[in-house]
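# Coordinates in review
Chain by chain, the residues:
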Amino acid sequence: MNPEMNTKTVQEILVDVDKCTGCRACEMACSAFHSNPKFSSINPAKARIRVVSNELTDEYVPVFAGNHTKSGCDGRHVYTIDGRTYSECSFCRASCPTRDYFIEPDSHLPLKCDMCESTPPLKQPWCVEVCGEGALVYSKREVKREEPSAAALGQIESGLQALMKQHGMEAVIARLKQIGREK
Amino acid sequence: MRYAETGFNLEVDLTRGSCERVATQPDLAEHYLGGQGSAAKLLWDRVPAGTDPFSPDNLLIFSTGLLHGTPLPACNRTVVNTFSPQTNLMSHSLFGGFFGPELKYAGYDKIIIRGKAPDLVYLYINNDKVEIRDATHLRGKGSTETGDLLKTELKDQRVQVAAIGLAGENRVFMATIEHNHASASRGVGVIMGDKRLKAIAVRGTRAVNVARPAELFEMSQRIHQKMAGSSGCGDWMAVDEDDSFHHNHFAWGNARTRRPGYWNKELQDRWTKLKYDNMDRQTGCYNCPKKCRNVIKMPGGPRFGYKCFGKDTYHMAAFLELDFSYEILGVAQEYGVDSYSTPQVIAFALELLEAGILTDKDFPGMPADARGRFFYLLEKIVRREGIGDILADSVSHAARRIGNGAEAFDHNTTKKFEQLPIKLGKLNPAYFLMIATGEKMSITQIEGSFPQDPLPTEEQRQEFVNKWEAVPNEKFKQYFLNWKKRSDISDEATCDIVDWNEAMHYIDDSLGFCGFVSSFRGQFGGDVPYHMNNIPEAIALATGMEMDKPKLWKNFQRIRTLVRAVNVRRGLRRKDERPPEDHWAVRDEKYEQELLSKYYAFKGWNSDGIPTRQTLEELGLAYVADDLEKSGILEPAVEGSR
Ligand code: SF4
Ligand code: SF4
Ligand code: SF4
């Protein structure tokens, strides 16, 4: 059987660390957009993007909030790129117990970049919108993806049935939703 | 809820070791905005006129601008005020970067520091948690080095640090407070050092709320976009490699020698190569789309950043080339000294040596070459060793301490403060008034809105005014249209122009805007993103206060007049309001004094430059008038004569 072809949208923010001026306009805008009501308060600590900067070492790395992890890592690797040194933490997107970064300062819940989910959708994410330097570039493209075959669908179906029997439908759906969000 | 401001100050007493979060009066911003405006009020209220700058009773105030922390771009200038031992007047200093906004996110509009710590300490502010901590392990550390050490010590790369270097620790008058690659000059580092405060580290994770969110954000984005795409704001000198302007027109050495044909193509190519071979990148300040700071790392030297004329002062004072500035700027940044006044102090000392007023005995072991001599003297000054101890008191005080004719070499100060090394031919009336009466001490902090020079043809002038959004009043367009020769302009126009120039700085310095997008930049091209016609709206949307142009102008007048009163109470008078005698080759004492009198009258000040009771009352400053009368500075008004 021929796999059916359809498309899905892939959104990406391309980061050029060499172009970053360290201005943190991205943090400002992200926190403003996610405040309630929208734009009513500014607090870079609530932004889902963090610009890791170190003037002494000329390090400027915008990092997006990724998944939460329950335990911090013990590795402290140091990378040298183009003669500049970066700690492993500089690139890490996780909110973790070792640092209070990407943790909502009031509720202590982890923060995560949502690419500025909005109805109607934004033209481009706010952090990109305010990055005058082009250190952040938004790209949205349609990629073809293969639909699973009927046989594969059948397998998934029976697998899910079994899971639902064991854990209940709501638990399975909730988990799937979470996985979907994380992806 | 307060909007835009937090409504709290942090009061620190270093003698008692106490820190207190204190609510501010709700209507203060209405009258004094924030930043320098409300700081002037504190200095007036709390520091008695006779207070020695080195007394524990002197205050050192770090202020956020009223609009710091809001979405408005390029609003990040932290304001530092105190009383300066150099001028004995109010010190006014600014620095860019991230400190002020961070302080506001920590929940404070100001840090007000009094007293003196027994030994070196630093202040750690993490939202509500405020501690005075031992800093003896940071003694002698460089200023940005200190920032880095504190980030490691506090295990938080997000803290923002303002620190002094060795110069501040040793109470050098030219000492700065450094923050990343930004620097607060003009007499504040010395007081921070005197208070034994090595650094302030701030981290804030609180929100700043705004009154009318959607409208303010829309306005902010409009301005952000305008800035990003505009050549009318930011520091064009960061990328313009043709620096003939400063090198051909400003004076070299101890502000003496002009070298009109100095600049040439070969030099420009060589220096451009030097710059790009050693430049990491250009950086900007908090929430600003411009990138005015060139960040340089010379092999073996510390990384440093510079803006504007800052890259020229050392090599021009030493008659050397750009490579010398690049070599010394990083060192000077770590010591924390002002790159405008320090080179002049060093050049002044070398002139005294040449003139035989100082001798080789005063400079034991000094190298023979200019490069070596500058480094030698920089070391002596920041350590206050030998002759350096005298020079560390700035040109004016050093000249008096050295005596023996040295006073005549103190030729480029006003109110005892080193001025830019500008020596010109014919008197420029507006510049005469600005340098004479300015209380921000440097012309760069006074000039800026009205163009420096007229345009040659009527068409060009017309075209300029057609696009000129920034004018607070149509009369400025007329002044510009009718202006053909630099010094040929009516006294009335001159007074208005100086007043407008000043107004924008006082407004910026109270709101927190950077001069490169407002007060300093309009003179070059006229196309600034912030001006009298949109700032009132920005204030209203952010704070919820009612604000319009007349009200904002009155705020400027109130703050300006209060600053004058603060200084008048410490002795400032007409006799002090003199630009350097050789600033222009051709002078006209009679005309200058007439112009000064007219300007005083225009400002509502008496013939000695003291605000009159009527002026003070109109501005809601009757309490100032009462005080000035009580202390005999103003003649008490005769009953019924008002
Ligand atoms: S807005 Fe762009 S240039 Fe500015 S800090 Fe963020 S990524 Fe860097
Ligand atoms: S894409 Fe949106 S949510 Fe994600 S960091 Fe940027 S502004 Fe924040
Ligand atoms: S215009 Fe330049 S100096 Fe001013 S805030 Fe922006 S980057 Fe900083």
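First, a word on what this report is: a plain description of the structure on this page. Every residue gets a number counted from 1 within its own chain, in the order that chain's sequence is written. Chain letters start at A and ligand numbers start at 1, both assigned in the order the entries are written. With the structure being a predicted model, the display of local features is reserved for residues of pLDDT at least 70 and the display and counting of side-chain atom pairs for 80 or more, all residues being used for whole-chain, interface and lining totals. Heavy atoms throughout the structure, all of them, feed into the side-chain values; hydrogens and water do not.

### Structural notes on the overall build of chain A
So the rule is basically this: In DSSP terms, a helix is any run of H or I states spanning at least four residues, a strand is any run of E spanning at least two, and both are numbered starting from the N terminus. To get the radius of gyration, use the C-alpha atoms; to get the globule rule, take the number of residues to the power 0.38 and multiply by 2.2 Å. The buried label applies to any residue whose accessible area, calculated with a 1.4 Å probe on protein chains only, is under 20% of its type's maximum; exposed applies above 50%, and partly exposed to all values in between. For this analysis, residues touch if any pair of their heavy atoms sits within 4.5 Å. Reported accessibility uses the Shrake-Rupley method at a 1.4 Å probe radius. Residues are deemed covered only where the shown protein chains occlude them.
Scanning chain A from N- to C-terminus turns up 5 helices and 7 strands. Of the regular secondary structure in chain A, the N- to C-terminal order runs β-α-β-β-β-β-β-α-α-β-α-α. A compact globule built from 183 residues would reach a C-alpha radius of gyration of about 16 Å, whereas chain A, at 20 Å, exceeds it by more than 25%. Dimensions of chain A, computed from C-alpha atoms along their principal axes, come out at roughly 60 × 40 × 35 Å. Here chain A holds 183 residues, and 36% of them are scored as buried. Sequence-distant contacts, at least 24 apart, represent 64% of the contacts inside chain A between residues at least 6 apart. With an accessible surface of roughly 11,000 Å², chain A has 54% of that area assigned to carbon and sulfur atoms.

### A short note on the interface of chain A and chain B
What counts is decided by this rule: When two parts are brought into contact, each loses some accessible area as probed by a 1.4 Å sphere; the total of that loss over both is the buried area. The rule for a salt bridge is simple: a side-chain nitrogen of Lys or Arg has to be within 4 Å of a carboxyl oxygen of Asp or Glu. We define a polar contact as two N or O atoms separated by no more than 3.5 Å, with the added condition that, inside protein, one atom must be a possible hydrogen donor and the other a possible acceptor, whereas residues neighbouring each other in sequence contribute only through side-chain atom pairs. Only Asp, Glu, Lys and Arg are considered charged, only Ala, Val, Leu, Ile, Met, Phe, Trp, Tyr, Cys and Pro nonpolar, and every remaining residue, Gly among them, polar.
Listed per partner, the contact involves 36 residues of chain A and 41 residues of chain B. In total, chain A and chain B occlude about 3,200 Å² of area from one another, counting both sides; carbon and sulfur atoms represent 50% of this. At the surface where chain A touches chain B, the tally comes to 6 salt bridges. Among the ionic pairs, R203 of chain B bridges to D100 of chain A, the shortest N-O distance being 3.4 Å. For the pair chain A and chain B, the interface holds 17 residue pairs in polar contact (both at pLDDT 80 or more). Secondary-structure elements contributing two or more residues to the side of chain A that touches chain B are α1 (25-33), β2 (41-42), β3 (49-54) and α3 (126-130) of chain A. Examining the composition of the side of chain A that touches chain B, we find that 5 residues originate from one element, α1 of chain A, more than from any other. Its residues assigned to classes, the side of chain A that touches chain B comprises 18 nonpolar, 7 polar and 11 charged.

### Some thoughts on α1 of chain A
Along α1 of chain A, 9 of the 9 residues are buried, which leaves the element largely enclosed by surrounding structure. For α1 of chain A, every residue scored as buried is listed here: A25, C26, E27, M28, A29, C30, S31, A32 and F33 of chain A. Elements that come into contact with the buried residues of α1 of chain A comprise β2, β3, α3 and β7 (136-146) of chain A together with α7 (213-228) of chain B.

### Structural notes on the site of ligand 3
Residue and element names in this part refer to chain B. Short version of the rule: In this text, near means that some heavy atom of the residue lies within 4 Å of the molecule or strand in question. For each domain, the first and last residues come from an automatic or database assignment.
Around ligand 3, the neighbouring residues are N76, R77, G234, G284, C285, C288, K290, C292, K307, C514, F516 and V517. Classifying every residue of the shell around ligand 3 by side-chain character gives 6 nonpolar, 3 polar and 3 charged. Per-domain counts for the shell around ligand 3 show at least three residues from each of domain 2 (234-407) and domain 3 (424-630).

### Points about the pairing of strand β4 (residues 78-83) of chain B
Within a regular beta strand, the side chains point alternately toward one face of the sheet and then the other, so they alternate between its two faces. Residues and elements named next belong to chain B. Here is the rule we go by: Strands are treated as partners if at least two bridges between them are detected by DSSP.
Counting buried positions over the 6 residues of β4 gives 6, a clear majority of the element. Residue alternation in β4 divides its side chains into two sets, T78, V80 and T82 and V79, N81 and F83, and both sets are buried. In this sheet, β4 lies alongside strand β3 (residues 60-63) in antiparallel orientation, the contact comprising 3 bridges. The residue bridging S63 from the neighbouring strand is V79, located in β4. Sheet topology places β4 next to strand β5 (residues 90-95); 6 bridges connect them, and they run antiparallel. Its bridge partner being in β5, F83 is matched across the sheet by M90. Here β4 folds back onto β5, and the loop between the two strands holds 6 residues, one of which, N88, carries a positive phi near 60 degrees.

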